[in-house]
Amino acid sequence: MKKPIRRVAAVGAVGGLIAVFVLTAALAASAGTKRSTSAKVGGIYKVGWEDSFGVTDNFDPTGEYLGEAFSIFSNLEVRTLVGYNHVVGAAGNKLVPDIATAVPTPANGGVTNGGKTYTYHLKSGVKFSPPVNRAVTSKDVVTALERLANPKDGGEYPFYYTVIKGWSAYAAGKAKTISGISTPNDSTIVFHLTAPTGDFNYRMSMPATGPQPAEVTNCFAGFPGIYGDDLIATGPYMIEGIDKVDISSCAKLVSAKGKPLEAASGYDGVSNLTLVRNPNYDPKTDSTAARQNFPDEFQFTVDANADDILNKVSAGVLDDEISSIPSQTLEKYATQSSLKKYLHTDSGDRTWYLTMNLTQPPFDDLHVRQAMNWIMDKAALVQAWGGPTIGKVANHIVPDTLFDNQLSEYAPYRTPGDHGSLAKAEAAMKGSKYDTGNDGKCDAAACKNVLLLADAREVDTKMLPVITADAAKIGITFTVRTIKGAYPTIQTPSKNIPLAERPGWGKDYADALTFFTPLFDGRTIIPSGNTNYSLVGVTPAECKKLKIGGNCVGVPSVNTQLDKCAALSGQPRLSCYESLDKTLMTKVVPWVPYLWSYATHITSSKVTQWQFDQFGGSIGYAHVAVSG
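Heads up: these notes are all about the structure in this document.

Conventions adopted
- Residues numbered from 1 in each chain as written.
- Predicted model: local features only at pLDDT ≥ 70, side-chain atom pairs only at ≥ 80, totals over all residues.
- Heavy atoms only, no water.
- Helix = DSSP H or I, 4+ residues; strand = E, 2+ residues; numbered from the N terminus.
- Rg over C-alpha atoms; globule rule 2.2 N^0.38 Å.
- Buried < 20%, exposed > 50% of the residue type's maximum accessible area, 1.4 Å probe, protein only.
- Lys, Arg positive; Asp, Glu negative; His and termini not counted.
- Charge placed at Lys NZ, Arg CZ, Asp CG, Glu CD.
- Contact = heavy atoms within 4.5 Å.
- Phe/Tyr/Trp six-rings, centres within 6.5 Å; stacked < 30°, edge-to-face > 60°.
- Arc of directions from axis to C-beta.
- Pairing = 2+ DSSP bridges.
- Axes fitted to C-alpha atoms, helices over the stretch in contact; angles between N-to-C directions.
- Core = buried A, V, L, I, M, F, W, Y, C linked by side-chain atoms within 4.5 Å.
- Parallel < 35°, antiparallel > 145°, perpendicular 65-115°, else oblique.
- Nonpolar A, V, L, I, M, F, W, Y, C, P; charged D, E, K, R; others polar.

### Re the overall build of the protein
Consideration 1: When helices and strands are counted, the protein shows 17 helices and 24 strands.
Consideration 2: Radius of gyration (C-alpha) of the protein: 24 Å, near the 25 Å computed for a compact globule of 628 residues.
Consideration 3: For the C-alpha atoms alone, the extent of the protein along its principal axes is close to 70 × 60 × 50 Å.
Consideration 4: A burial count over the protein gives 62% of its 628 residues as buried.
Consideration 5: With 59 positive and 59 negative side-chain charges, the protein shows a separation of 3 Å between the mean positions of the two kinds.

Structure follows, in structure tokens:
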């Protein structure tokens, strides 16, 4: 969903085995629930956001990779050629036209040349919000893609688009345009690909591909993470105060050194984001199935105290939350009849994991990485999040749902009760160069005081004792560094982080490729905003260029397998990715996956309609409504 994703519950014992089973059943019964009433237009939808926005590029869609941000963009601010209806389940993963008149297919003539040419026609009447105030054209889509291709603009997922002819040449500064994109007129855009790409329409649903006005974005060229302050909307909502921003010259917006000079008043980048209606949005260009747009305003407020957020939701001060929900709170809402209607639990399509850097000792050794998978008490890590009420133990990389449950029995590191096995961990460690005593322990100096990067959320502090105690059983000790909002550090390869407990990943769209290409393709590694945290496939030359220390010789690569799978479709594609999952879990071993989580939200009594957005894996803001 896509990206770093939200946490859904914090630690706290439910109160016994019977209570766990009762609560799990109650939560299952609430899955996908939403209250359907006579929703009315108006009101302010207020959301409490725990700890920090946690964004990866300051809400600039070019570089933003947070699942929660995807939902805000796609539901409210940024329209794309094709998109979603922002509803729960399979229907929420189905592509629909957004600013394009149709989803291109071979049947309607939108996909030609053996699957290598895609043609989109834009609807009339789609306009940019103030202060731009003009019609969107096909060239504005080109602007967005050129920003994504330019490595200086902070794009975090350009790898999805390298299949467009001329993309790499433009990214390398060897061409002034992307040759594979043409705009025959203001309402037509054509993509010429180097190979058939069956999921290309899905790729064009990503927020970074939404049209952007060059007269504004050019001012921010080379200064990633700043344009988010002045994002020009195409959706039904825009940042409060953006209409007052002076865009008459770049000198009004940003200094020569990249310091933002004027930003929309509704977003401070730290604690507050306010969206108001975009007066240039024409609902006739959209569908109510995709966006109903009931509230007049959305307010997002950061609060480091999850209990405070939930208390405010209960009191009706806030309407919704993005927070760590303590298990005792989940129990109360799941079991008390008067509260059940305010609890929403949905499939998250997401994996949480410990990431090991394949260039950093002692994790540059396959045997150590395998031993880490055997020794970790995954059940305890899941319990740190709230237990089986918020998800189940992850046995491999991609959630079973994306494989049609064909790998549901695959668990290469399964242990009794998922509590880990010292015997199997020691057996794995005995093959390691760091087991100098041949005793199944990591004895070398490189095994001591290894840097472990953690975030500051409550759930992170609850997991740390489990991780450190289990690793110590096989001789690995840590120096823990805790950072509030750890993603930027993890995403900078030159920081040389050996182990990080923060990462989670949700699908970008309903295809297994979105779990593999961003996370394990060695060709996607970039200096900042990198999502291949384990550096799978990195080469010595790349290590030198990116200032990566450690052991960069012989790092395993799965690039060939990735290319093979991407060219397939149907069951062969699925089988190929299933095989790749197995290869990564046994022969590469970059992760210790431990949780396939649910997405859980609690709303206030003022919420008269609620929906889950399967694409973003979060709140379906396009369909929510409040009273008063």
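### Comments concerning the side chain of Thr-143
Consideration 1: Tracing the sequence through the fold places Thr-143 in helix α3 (residues 138–149).
Consideration 2: Here Thr-143 is in contact with Gln-212, Pro-213, Ala-214 and Thr-217, once residues within four sequence places are set aside.

### Overview of the packing of aromatic side chains
Consideration 1: Scanning the model with the defined rule gives 32 aromatic pairs in all.
Consideration 2: Consider the rings of Tyr-84 and Phe-615, whose centres lie 4.3 Å apart with planes at 15°: the pair is stacked. Of the two residues, Tyr-84 sits in the loop between β3 (82–83) and β4 (96–97) while Phe-615 sits in the loop between β22 (612–613) and β23 (618–619), which places them 531 residues apart along the sequence. Taken individually, Tyr-84 and Phe-615 each receive the classification buried, so the pair is uniform in this respect.
Consideration 3: Ring geometry for Phe-516 versus Phe-520: centroids 6.4 Å apart, planes at 45°, classification tilted.

### Notes on helix α16 (residues 559–566)
Helical periodicity: at 3.6 residues per turn, an α-helix aligns residues three or four positions apart in one direction.
Consideration 1: For α16, the complete set of buried residues consists of Asn-559, Leu-562 and Cys-565. Here the buried residues of α16 occupy an arc of 125° about the axis, which is enough to place them on one side. Facing away from the buried side of α16, by more than 90 degrees, are the exposed residues Thr-560 and Lys-564.
Consideration 2: Each element contacted by the buried residues of α16 is listed here: α14 (513–520) and α17 (570–588).

### Regarding the sheet that holds strand β8 (residues 188–192)
Note on sheets: strands pair through backbone hydrogen bonds, and any given pair is parallel or antiparallel.
Consideration 1: Taken together, the four strands give an open sheet; going across it, the order is β5-β6-β8-β7, and neighbouring strands pair in antiparallel fashion. Of all strands in the sheet, those bounded by a partner on one side alone are β5 (111–112) and β7 (181–185).
Consideration 2: Bridging between strand β6 (residues 117–121) and β8 involves five bridges; their strand directions are antiparallel. Paired with Tyr-120 across the bridge in β8 is Ile-189.
Consideration 3: Its contacts with the sheet put α3 on β7 and β8, and the angle it makes with β7 is roughly 165°.

### So, the pairing of strand β20 (residues 591–602)
Consideration 1: The buried fraction of β20 amounts to eleven of the twelve residues, a majority that puts the element mostly inside the structure.
Consideration 2: Where strand β14 (residues 343–356) meets β20, ten bridges bridge the pair, whose relative direction is antiparallel. Opposite Thr-345, over in β20, you have Thr-600 as the bridge partner.
Consideration 3: Inspection of the sheet shows strand β15 (residues 391–392) paired to β20 by two bridges, in the antiparallel sense. When the sheet's bridge partners are listed, Lys-392 is paired in β20 with Trp-596.

### Description of the nonpolar core
Consideration 1: Grouped together as the largest cluster of nonpolar side chains are 181 residues, with contacts concentrated most on Phe-191, Phe-300, Met-372 and Phe-516.
Consideration 2: Residues contacting Phe-191, with those up to four places away along its chain left out, are Leu-81, Lys-116, Thr-117, Tyr-118, Tyr-120, Leu-145, Ile-164, Gly-180, Ile-181, Phe-200 and Met-204.

### Quick notes on the sheet that holds strand β11 (residues 297–303)
Consideration 1: Across the sheet, five strands lie side by side as β9-β10-β11-β2-β12; this open sheet has mixed pairing. At either end of the open sheet lies a strand with only one pairing partner, and these are β9 (237–239) and β12 (320–322). Each neighbouring strand pair of the sheet contributes to a mean axis angle of 25°, computed without reference to strand direction.
Consideration 2: One ladder, built from seven bridges, connects strand β2 (residues 44–50) with β11; its direction is parallel. Each bridged residue has a counterpart across the sheet, and for Lys-46 the counterpart in β11 is Gln-299.

### Brief notes about the environment of Leu-81
Consideration 1: Tracing the backbone shows Leu-81 in the loop between α2 (67–77) and β3.
Consideration 2: Every residue in contact with Leu-81, bar those within four places of it in the chain, is listed here: Pro-97, Asp-98, Ile-99, Ala-100, Tyr-120, Leu-122, Val-141, Ile-189, Phe-191 and Met-204.

### Things to note about the packing of helix α9 (residues 366–375) against α17
Consideration 1: Relative to each other, α9 and α17 sit at 110°, their axes nearing to 8 Å. On the basis of their axis angle, the class for α9 and α17 is roughly perpendicular. In this structure, α9 contributes Leu-366, Arg-369, Gln-370 and Asn-373 to the contact, and α17 contributes Met-585, Thr-586, Lys-587 and Val-588.
Consideration 2: Of the residues that constitute the contact of α9 with α17, the class distribution is three nonpolar, three polar and two charged.

### Topic: unusual backbone geometry
Consideration 1: Pro-130 connects to Pro-131 through a cis peptide bond whose omega is 5°.
Consideration 2: Topologically, Pro-131 is positioned in the loop between β6 and α3.
Consideration 3: The residue after Pro-361, namely Pro-362, is reached through a cis peptide bond having omega 0°.
Consideration 4: With respect to the helices and strands, Pro-362 occurs in the loop between β14 and α9.
Consideration 5: In the Ramachandran plot, Asn-113 falls in the positive-phi region, its phi being about 55° despite a non-glycine side chain.
Consideration 6: Structurally, Asn-113 is set in the loop between β5 and β6.
Consideration 7: At Asp-418, a position not held by glycine, the phi torsion is positive, near 60°.
Consideration 8: You can see Asp-418 is positioned in the loop between β15 and α11 (422–429).
Consideration 9: Among the residues examined, Asp-418 registers a relative accessible area of 23% and is labelled partly exposed.

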